[in-house]
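Remarks on the overall topology
Chain by chain, the residues:
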Amino acid sequence: MKIIDLLKKSGVVTSPYPLQPYEVSENFRGKPEYDYSFCIGCAACGIACPPNAISVKIEDKSVVWRYNTGRCIFCGRCEEVCPTGAIKLSDKFELGVNFNKNDLLVQGEMEAQICSKCEKPFTSKRFIKSALNKINSSNMSSKRKKLALSYTQICPDCKRENTSTAMREKDYQRIE
Ligand code: SF4
Ligand code: SF4
(Lines give C-alpha, C1' and ligand atoms only; values in the text may rest on other atoms or scores of the structure.)
(Ligands and ions follow the chains in the order given, each with its own letter.)
Protein backbone atom coordinates (compact mmCIF):
# COMPACT_ATOMS: atom_id res chain seq x y z
CA MET A 1 0.00 0.00 0.00
CA LYS A 2 2.85 2.33 0.91
CA ILE A 3 4.44 1.80 -2.51
CA ILE A 4 1.17 2.51 -4.31
CA ASP A 5 0.82 5.76 -2.35
CA LEU A 6 4.37 6.73 -3.34
CA LEU A 7 3.70 5.96 -7.00
CA LYS A 8 0.56 8.06 -6.95
CA LYS A 9 2.58 10.98 -5.60
CA SER A 10 5.29 10.76 -8.26
CA GLY A 11 2.75 10.97 -11.13
CA VAL A 12 3.44 9.77 -14.71
CA VAL A 13 7.17 9.59 -15.41
CA THR A 14 7.15 7.67 -18.70
CA SER A 15 6.70 9.20 -22.16
CA PRO A 16 3.76 8.31 -24.44
CA TYR A 17 6.25 8.05 -27.36
CA PRO A 18 5.79 6.57 -30.02
CA LEU A 19 2.06 7.23 -29.66
CA GLN A 20 2.92 10.92 -29.47
CA PRO A 21 6.01 12.74 -30.82
CA TYR A 22 8.97 12.82 -28.44
CA GLU A 23 10.18 16.29 -27.41
CA VAL A 24 13.98 16.30 -27.36
CA SER A 25 15.99 18.66 -25.16
CA GLU A 26 17.46 21.92 -26.52
CA ASN A 27 21.02 20.64 -27.00
CA PHE A 28 20.04 17.23 -28.34
CA ARG A 29 22.51 15.85 -30.90
CA GLY A 30 20.54 14.24 -33.70
CA LYS A 31 21.27 13.45 -37.33
CA PRO A 32 23.65 15.93 -39.03
CA GLU A 33 21.89 17.79 -41.83
CA TYR A 34 23.97 18.65 -44.89
CA ASP A 35 23.38 21.79 -46.95
CA TYR A 36 25.05 21.21 -50.31
CA SER A 37 24.72 24.85 -51.34
CA PHE A 38 27.13 25.94 -48.55
CA CYS A 39 29.67 23.10 -48.90
CA ILE A 40 33.05 23.99 -50.42
CA GLY A 41 34.44 20.43 -50.23
CA CYS A 42 37.26 21.43 -47.87
CA ALA A 43 37.16 17.99 -46.14
CA ALA A 44 37.54 19.43 -42.62
CA CYS A 45 34.48 17.44 -41.50
CA GLY A 46 35.86 14.20 -42.97
CA ILE A 47 39.19 14.67 -41.17
CA ALA A 48 37.49 15.47 -37.84
CA CYS A 49 34.87 12.70 -37.96
CA PRO A 50 35.99 9.98 -35.45
CA PRO A 51 34.21 6.93 -37.03
CA ASN A 52 34.76 8.02 -40.66
CA ALA A 53 31.07 8.56 -41.24
CA ILE A 54 32.02 11.37 -43.62
CA SER A 55 34.42 11.01 -46.52
CA VAL A 56 35.51 13.60 -49.09
CA LYS A 57 37.26 12.03 -52.07
CA ILE A 58 38.33 12.95 -55.56
CA GLU A 59 36.64 10.67 -58.06
CA ASP A 60 37.41 11.25 -61.71
CA LYS A 61 36.98 15.02 -62.14
CA SER A 62 34.71 15.54 -59.15
CA VAL A 63 35.03 15.99 -55.42
CA VAL A 64 32.50 13.68 -53.78
CA TRP A 65 31.21 14.36 -50.25
CA ARG A 66 29.55 11.37 -48.54
CA TYR A 67 27.88 10.84 -45.19
CA ASN A 68 26.79 7.46 -43.81
CA THR A 69 24.20 7.67 -41.03
CA GLY A 70 24.96 4.06 -40.09
CA ARG A 71 28.45 4.99 -38.94
CA CYS A 72 27.60 8.32 -37.25
CA ILE A 73 27.98 8.63 -33.47
CA PHE A 74 26.35 12.12 -33.38
CA CYS A 75 29.35 13.73 -31.69
CA GLY A 76 28.99 17.06 -33.52
CA ARG A 77 32.66 17.41 -34.54
CA CYS A 78 31.65 17.98 -38.18
CA GLU A 79 29.50 20.95 -37.19
CA GLU A 80 32.28 22.37 -35.01
CA VAL A 81 34.91 22.34 -37.75
CA CYS A 82 32.81 23.26 -40.81
CA PRO A 83 33.90 26.76 -41.90
CA THR A 84 30.71 27.51 -43.85
CA GLY A 85 27.89 26.09 -41.73
CA ALA A 86 27.15 23.45 -44.38
CA ILE A 87 26.61 20.73 -41.78
CA LYS A 88 24.61 21.11 -38.59
CA LEU A 89 23.21 18.62 -36.12
CA SER A 90 19.42 18.44 -36.18
CA ASP A 91 16.94 17.04 -33.65
CA LYS A 92 16.12 14.02 -35.84
CA PHE A 93 16.61 10.65 -34.15
CA GLU A 94 14.22 8.29 -35.98
CA LEU A 95 16.71 7.08 -38.55
CA GLY A 96 15.48 3.62 -39.57
CA VAL A 97 15.27 2.82 -43.27
CA ASN A 98 13.16 0.30 -45.19
CA PHE A 99 15.49 -2.54 -46.24
CA ASN A 100 17.70 -0.34 -48.39
CA LYS A 101 21.02 0.59 -46.77
CA ASN A 102 21.65 3.20 -49.48
CA ASP A 103 18.92 5.29 -47.85
CA LEU A 104 21.43 5.85 -45.01
CA LEU A 105 23.74 7.72 -47.38
CA VAL A 106 23.82 11.43 -48.23
CA GLN A 107 26.01 12.59 -51.10
CA GLY A 108 27.14 15.83 -52.73
CA GLU A 109 29.29 16.14 -55.85
CA MET A 110 31.34 19.20 -56.85
CA GLU A 111 33.45 20.01 -59.87
CA ALA A 112 37.16 19.49 -59.18
CA GLN A 113 39.94 22.03 -59.70
CA ILE A 114 42.61 20.85 -62.13
CA CYS A 115 46.29 21.58 -61.36
CA SER A 116 47.62 24.07 -63.92
CA LYS A 117 50.99 22.27 -63.90
CA CYS A 118 50.35 18.50 -63.85
CA GLU A 119 46.62 18.59 -64.77
CA LYS A 120 45.62 16.37 -61.85
CA PRO A 121 42.33 17.18 -60.03
CA PHE A 122 43.27 18.12 -56.45
CA THR A 123 40.39 19.92 -54.72
CA SER A 124 37.01 21.43 -55.53
CA LYS A 125 36.52 24.59 -57.58
CA ARG A 126 34.32 25.88 -54.77
CA PHE A 127 37.22 25.57 -52.32
CA ILE A 128 39.54 27.52 -54.63
CA LYS A 129 36.89 30.20 -55.14
CA SER A 130 36.56 30.60 -51.38
CA ALA A 131 40.38 30.78 -51.00
CA LEU A 132 40.60 33.41 -53.77
CA ASN A 133 37.95 35.54 -52.04
CA LYS A 134 39.84 35.31 -48.75
CA ILE A 135 43.20 36.22 -50.32
CA ASN A 136 41.72 39.12 -52.30
CA SER A 137 40.03 40.60 -49.25
CA SER A 138 43.10 40.15 -46.99
CA ASN A 139 45.53 42.97 -46.21
CA MET A 140 48.70 41.13 -47.27
CA SER A 141 51.18 42.89 -49.56
CA SER A 142 50.51 42.74 -53.30
CA LYS A 143 53.65 40.61 -53.80
CA ARG A 144 52.48 38.06 -51.23
CA LYS A 145 48.97 38.17 -52.64
CA LYS A 146 50.26 37.41 -56.13
CA LEU A 147 52.25 34.43 -54.82
CA ALA A 148 49.31 33.13 -52.78
CA LEU A 149 46.98 33.47 -55.77
CA SER A 150 49.38 31.57 -58.01
CA TYR A 151 49.57 28.80 -55.40
CA THR A 152 45.81 28.25 -55.51
CA GLN A 153 46.12 26.97 -59.07
CA ILE A 154 48.56 24.11 -58.42
CA CYS A 155 48.27 20.86 -56.49
CA PRO A 156 50.21 20.12 -53.26
CA ASP A 157 52.70 17.85 -55.12
CA CYS A 158 53.55 20.60 -57.61
CA LYS A 159 53.73 23.14 -54.78
CA ARG A 160 56.35 20.95 -53.06
CA GLU A 161 58.21 20.51 -56.29
CA ASN A 162 58.23 24.30 -56.90
CA THR A 163 59.42 24.99 -53.36
CA SER A 164 62.27 22.46 -53.48
CA THR A 165 63.34 23.77 -56.91
CA ALA A 166 63.35 27.34 -55.55
CA MET A 167 65.37 26.22 -52.51
CA ARG A 168 67.89 24.36 -54.66
CA GLU A 169 68.34 27.43 -56.85
CA LYS A 170 68.79 29.63 -53.78
CA ASP A 171 71.46 27.25 -52.33
CA TYR A 172 73.20 27.18 -55.67
CA GLN A 173 73.32 30.97 -55.81
CA ARG A 174 74.61 31.08 -52.24
CA ILE A 175 77.41 28.60 -53.07
CA GLU A 176 78.38 30.73 -56.07
S1 SF4 B 1 28.29 13.87 -35.84
FE2 SF4 B 1 30.36 13.05 -35.41
S3 SF4 B 1 30.28 10.96 -36.18
FE4 SF4 B 1 28.50 12.02 -37.07
S5 SF4 B 1 29.24 12.75 -39.03
FE6 SF4 B 1 29.57 14.42 -37.58
S7 SF4 B 1 31.68 14.11 -36.86
FE8 SF4 B 1 31.06 12.22 -37.83
S1 SF4 C 1 33.62 21.02 -43.44
FE2 SF4 C 1 31.73 21.93 -44.26
S3 SF4 C 1 32.38 22.94 -46.17
FE4 SF4 C 1 34.02 21.52 -45.60
S5 SF4 C 1 33.52 19.61 -46.73
FE6 SF4 C 1 32.60 19.45 -44.68
S7 SF4 C 1 30.50 20.17 -44.94
FE8 SF4 C 1 31.65 20.88 -46.72
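Overview of the structure. Quantities reported herein were computed from a predicted structural model and do not represent experimental measurements. (Residues numbered from 1 in each chain as written. Chains lettered and ligands numbered in written order. Predicted model: local features only at pLDDT ≥ 70, side-chain atom pairs only at ≥ 80, totals over all residues.)

Along the backbone of the protein chain there are six helices and six strands. The order of α-helices and β-strands along the protein chain, N terminus first, is α-β-α-β-β-α-β-β-β-α-α-α. Its C-alpha atoms give the protein chain a radius of gyration of 25 Å, clearly above 16 Å, the size a compact globule of 176 residues would have. Counting the 176 residues in the protein chain, one finds 14% classified as buried. Sequence separation of 24 or more characterises 66% of the internal contacts of the protein chain that already satisfy a separation of 6 or more. (Helix = DSSP H or I, 4+ residues; strand = E, 2+ residues; numbered from the N terminus. Rg over C-alpha atoms; globule rule 2.2 N^0.38 Å. Buried ≥ 20, exposed ≤ 12 C-beta atoms within 10 Å, placed from the backbone. Contact = placed C-beta atoms within 7 Å.)

Turning next to the site of ligand 1. Of all residues adjacent to ligand 1, which total 15 residues, the nearest are Cys49, Cys72, Cys75, Arg77 and Cys78. Among the residues forming the shell around ligand 1, the class breakdown is 13 nonpolar, one polar and one charged. (Near = placed C-beta within 6 Å. Nonpolar A, V, L, I, M, F, W, Y, C, P; charged D, E, K, R; others polar.)

What follows covers the sheet that holds strand 6 (residues 121-124). The strand order across the open sheet built from four strands is 2-3-5-6, with neighbouring strands paired in antiparallel fashion. For this open sheet the edge positions go to strand 2 (54-59) and strand 6, each flanked by a neighbour on one side alone. Neighbour to neighbour, the strand axes of the sheet diverge by 35° on average, direction disregarded. Pairing geometry for strand 3 (residues 62-68) and strand 5 (residues 105-114), over seven bridges, is antiparallel. For Ser62, the partnering residue across the bridge sits in strand 5 and is Glu111. Packed on one face of the sheet, helix 4 (residues 125-137) meets strand 5 and strand 6 and runs near 65° to strand 5. (Pairing = 2+ DSSP bridges. Axes fitted to C-alpha atoms, helices over the stretch in contact; angles between N-to-C directions.)

For ligand 2, the set of nearby residues contains 14 residues, the closest of which are Cys39, Cys42, Cys45, Cys82 and Ala86. Counted by class, the shell around ligand 2 contains 12 nonpolar, two polar and no charged residues.

Below, the discussion takes up the nonpolar core. In terms of nonpolar packing, the biggest core is built from 19 residues, with Cys45, Ile54, Cys78 and Ile87 touching the most fellow members. Mapped onto this core, the elements with two or more residues apiece are strand 2 and strand 3. Among the elements that line this core, the one with the most residues is strand 3, at three residues. If we ignore the near neighbours within four places in the chain, the residues touching Ile87 are Pro32, Tyr34, Cys45, Cys78, Glu79 and Cys82. (Core = buried A, V, L, I, M, F, W, Y, C linked by C-beta atoms within 7 Å.)

Another point: unusual backbone geometry. Trans is the common state for peptide bonds, and a negative phi is the common state for residues other than glycine. A cis amide bond links Tyr17 with the next residue in sequence, Pro18, at an omega value of 10°. The residue Pro18 is located in the loop between helix 1 (2-10) and strand 1 (32-34) in this model. Residues other than glycine seldom take positive phi values, yet Phe74 does so here, at roughly 55°. For Phe74, the location among the structural elements is in the loop between strand 3 and helix 3 (77-81). Even without a glycine there, the phi angle at Glu119 is positive, about 65°.

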